[in-house]
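Here is what each chain is made of, one letter per residue.
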Amino acid sequence: MPEELMKNIYRIRVNLPDSPLKTLNSYVIKGERRNLIVDTGFRTRECRGSLESGLKDLGIDMENTDIVLTHLHSDHTGLAPDIAVPGTRIFISREEIPWMYGETRTMLWRMDNIKVRRSGFPSEIIEKYLDDAAPRSMASDIEFEDYLPIDDGDEFTYGEYTLKAVRTPGHTPAHMCFWMEEQKTMFTGDHVLFDISPNITLWHFVEDSLGDYLNSLKMIDRYDVRLALPGHRETGNFHERTAQLIEHHERRLEECLNAVIGYPDSSAYDIAGKMTWKIRCGSWDDFPISQKWFAVGECLSHLRHLEMTGKIKADESREVIRFRALR
Ligand SMILES: [Zn+2]
């Protein structure tokens, strides 16, 4: 049974099988005329069963229900087109729409494959993994095109609640949080998570996603958030958490810089192997491929930020990009 968090606002925990995230929080606001769902789940049978049974318990009729998506990741967006019926509107950040369907999505994924190659992944791993990378196979229907754009400051009113979109780039190119001023409540998507630190990777057409993320954390910390509703797991002390996340990345930047100093001319793949990761695994070589993918992405975003702040230099003259500290 979905939990009622405040009057007419519910949380459905959508099971994410085989994911270290465990569950996705899908929030439902019941209005007098229309309802709103914030985030959905992977496009799998298990996620769909879990979400739809929650929606059924709440008596949600999709004809009178809209969906807002905090960001493009498939654990948030995957099911949206599948559960929609004529009458359902699906909203997502304007800048993330190209990632959602058709040729632009295919092109961006193809560019990702090149990024993986240039970061120094051994080719046997690339061949085996990329084509059926789990988050891709569980992504939303590539044919569905009817997304409506969200811009910073847009307002959504359902029942007694008004949600204002707050653009918080970093975790994804144009992630959105949703702020309910009167209730001092923020839907934080994956911008602020409490039990895990959100993954920050490099994105095409984004110069410095870690820089964006840190700026978005400082910006959102100015809101008087009394209750944060995150995309995964449980809530916690919002302001304490934003400070912790900033500190966490500062420590990681230092660790990353030390690895570049200690192992000059290494690839991002090798540098990631020198950093510490919270995962129960003997050595870098034993990491599951999917975890290596996240780790290298995370490492790349830190390397880029170090590059943008003048601490290291990337040599892009060969296929695999190598890094060296500047002194
Ligand atoms: Zn995410």
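Residues numbered from 1 in each chain as written. Predicted model: local features only at pLDDT ≥ 70, side-chain atom pairs only at ≥ 80, totals over all residues. Heavy atoms only, no water.

### Some points on the coordination of the zinc ion
For a metal with four tetrahedral donors the ideal donor-metal-donor angle is 109.5 degrees, while six octahedral donors give ideal angles of 90 or 180 degrees.
Then, in step 1: Within the first shell, the zinc ion binds the protein through His-71 (NE2), His-73 (ND1), His-171 (NE2) and Asp-190 (OD), at distances of 2.1 to 2.3 Å.
Then, in step 2: Here the zinc ion binds four donor atoms, and the angle range of 88 to 169° at the metal identifies the geometry as irregular.
Then, in step 3: Motif for the zinc ion, donor spacing along one chain: H-x1-H-x97-H-x18-D. In this pair, His-73 sits in the loop between strand E5 (65-68) and helix H2 (74-77) while His-171 sits in the loop between strand E9 (161-167) and strand E10 (176-180), placing the two residues 98 residues apart along the sequence.
Then, in step 4: Residue His-73 is classed as partly exposed on the basis of its relative accessible area of 22%.
Then, in step 5: In this structure His-171 comes out as buried when scored by relative accessible area, which is 4%. (Donors = N, O, S within 2.8 Å, 3.2 Å for Na, K, Ca; no water. Tetrahedral: all angles 85-135°; square planar, octahedral: opposite > 155°, others 65-115°. Helix = DSSP H or I, 4+ residues; strand = E, 2+ residues; numbered from the N terminus. Buried < 20%, exposed > 50% of the residue type's maximum accessible area, 1.4 Å probe, protein only.)

### What about the sheet that holds strand E13 (residues 266-267)?
Then, in step 1: Read from one edge of the open sheet, three strands run E13-E15-E14, paired in antiparallel fashion. The two strands at the open ends of the sheet, each matched to only one other strand, are E13 and strand E14 (312-315).
Then, in step 2: Here helix H8 (residues 238-262) sits on the sheet and contacts E14 and strand E15 (322-325); the angle it forms with E15, its principal contact strand, is near 95°. (Pairing = 2+ DSSP bridges. Contact = heavy atoms within 4.5 Å. Axes fitted to C-alpha atoms, helices over the stretch in contact; angles between N-to-C directions.)

### Structural notes on the packing of helix H7 (residues 209-220) against H8
Then, in step 1: Between H7 and H8, whose axes approach to 10 Å, the crossing angle comes to 155°. The pairing of H7 with H8 is recorded here as roughly antiparallel in orientation. Judged by the sense of rotation from one axis to the other, the crossing of H7 with H8 is left-handed. Contacts between H7 and H8 involve Leu-210, Tyr-213, Leu-214, Leu-217, Lys-218 and Ile-220 from the first element and Phe-238, Thr-242, Leu-245, Ile-246, His-249 and Leu-253 from the second. (Parallel < 35°, antiparallel > 145°, perpendicular 65-115°, else oblique. Left-handed = near helix turned anticlockwise from the far one by under 90°.)

### So, the domain arrangement of the protein chain
Then, in step 1: The domain architecture assigned to the protein chain consists of domain 1 (3-102 + 141-244) and domain 2 (104-135 + 251-325).
Then, in step 2: Just the C-alpha atoms count here: the centres of domain 1 and domain 2 sit 27 Å apart.
Then, in step 3: Taken together, the contact between domain 1 and domain 2 spans 24 residues of the former and 19 residues of the latter.
Then, in step 4: In total, about 1900 Å² of surface goes out of reach between domain 1 and domain 2, with carbon and sulfur atoms giving 56% of it.
Then, in step 5: When residues of domain 1 are sorted by the area they lose upon contact with domain 2, Trp-99, Leu-202 and His-204 head the list and together hold 30% of the total.
Then, in step 6: Along the contact surface separating domain 1 from domain 2 lie zero salt bridges.
Then, in step 7: At the surface where domain 1 touches domain 2, the tally comes to 16 residue pairs in polar contact (both at pLDDT 80 or more).
Then, in step 8: Considered class by class, the residues forming the side of domain 1 that touches domain 2 number 14 nonpolar, seven polar and three charged. (Domains from an automatic or database assignment. Buried area = accessible area lost by both parts, 1.4 Å probe. Salt bridge = Lys/Arg side-chain N within 4 Å of Asp/Glu carboxyl O. Polar contact = N/O pair within 3.5 Å; in protein donor to acceptor, adjacent residues only side chain to side chain. Nonpolar A, V, L, I, M, F, W, Y, C, P; charged D, E, K, R; others polar.)

### Considering the side chain of Ser-119
Then, in step 1: Within the fold, Ser-119 resides in the loop between helix H4 (102-118) and helix H5 (123-129).
Then, in step 2: For Ser-119, a relative accessible area of 3% puts it in the buried group.
Then, in step 3: In this structure Ser-119 touches Ser-267, Ala-268, Tyr-269, Val-296, Leu-300 and Val-320, once residues within four positions along its chain are discounted.

### Let's talk about the packing of H8 against helix H10 (residues 289-308)
Then, in step 1: In contact at an axis separation of 10 Å, H8 and H10 are set at 85° when each is read in the N-to-C sense. On the basis of their axis angle, the class for H8 and H10 is roughly perpendicular. Contact with H8, carried on its side by His-249, Arg-252, Leu-253, Cys-256, Leu-257 and Val-260, involves Glu-298, Cys-299, His-302, Leu-303, His-305 and Leu-306 of H10 and no other residues of that element.
Then, in step 2: Taken together, the residues of the contact of H8 with H10 break down into seven nonpolar, three polar and two charged.

### Focus on the sheet that holds strand E12 (residues 227-230)
Then, in step 1: An order of E8-E9-E10-E11-E12 is seen for the five strands of this open sheet, with the pairing classed as mixed. The open sheet is flanked by strand E8 (155-158) and E12, the only strands paired with a single partner. The sheet shows a mean angle of 25° between the axes of neighbouring strands, direction not considered.
Then, in step 2: Where E9 lies against E10, four bridges are found, and the strand directions are antiparallel.

### Describing the packing of aromatic side chains
Then, in step 1: Scanning the entire structure with this criterion turns up 10 aromatic pairs.
Then, in step 2: Where Phe-91 meets Phe-156, the ring centres are 5.0 Å apart and the plane angle is 75°; that geometry is what we call edge-to-face. With Phe-91 in strand E6 (residues 90-93) and Phe-156 in strand E8, this residue pair connects regions lying 65 residues apart in the sequence.
Then, in step 3: Between Trp-99 and Trp-203 the ring centres are 5.0 Å apart and the planes differ by 90°, which places this aromatic pair in the edge-to-face class. In this pair, Trp-99 is assigned in the loop between E6 and H4 and Trp-203 in the loop between strand E11 (185-189) and H7, connecting sequence segments 104 residues apart.
Then, in step 4: By relative accessible area, which is 9% here, Trp-99 ends up buried.
Then, in step 5: An aromatic cluster is defined as three or more aromatic residues linked by ring pairs; in this entry it consists of Phe-121, Tyr-269, Trp-284 and Phe-287.
Then, in step 6: Positioned above the aromatic ring of Trp-277 is the side chain of Arg-252, whose terminal nitrogen or guanidinium carbon lies 4.4 Å from the ring centre. (Phe/Tyr/Trp six-rings, centres within 6.5 Å; stacked < 30°, edge-to-face > 60°. Lys NZ or Arg CZ within 6 Å of the ring centre and 35° of its normal.)

### Brief notes about the pattern of salt bridges
Then, in step 1: Counted by the stated rule, this structure contains 20 salt bridges.
Then, in step 2: For Arg-13, the salt bridge goes to Glu-3, with nearest N and O atoms at 3.3 Å. On the criterion of sequence distance, the pair formed by Arg-13 in strand E2 (residues 9-15) and Glu-3 in strand E1 (residues 3-6) is long-range, its members being 10 residues apart.
Then, in step 3: Of the residues examined, Glu-3 reaches a relative accessible area of 31% and is grouped as partly exposed.
Then, in step 4: Its salt-bridge partner being Arg-318, residue Asp-315 comes within 3.4 Å of it at the nearest N-O pair.
Then, in step 5: Residue classification places Arg-318 among the partly exposed residues on the basis of a relative accessible area of 45%.

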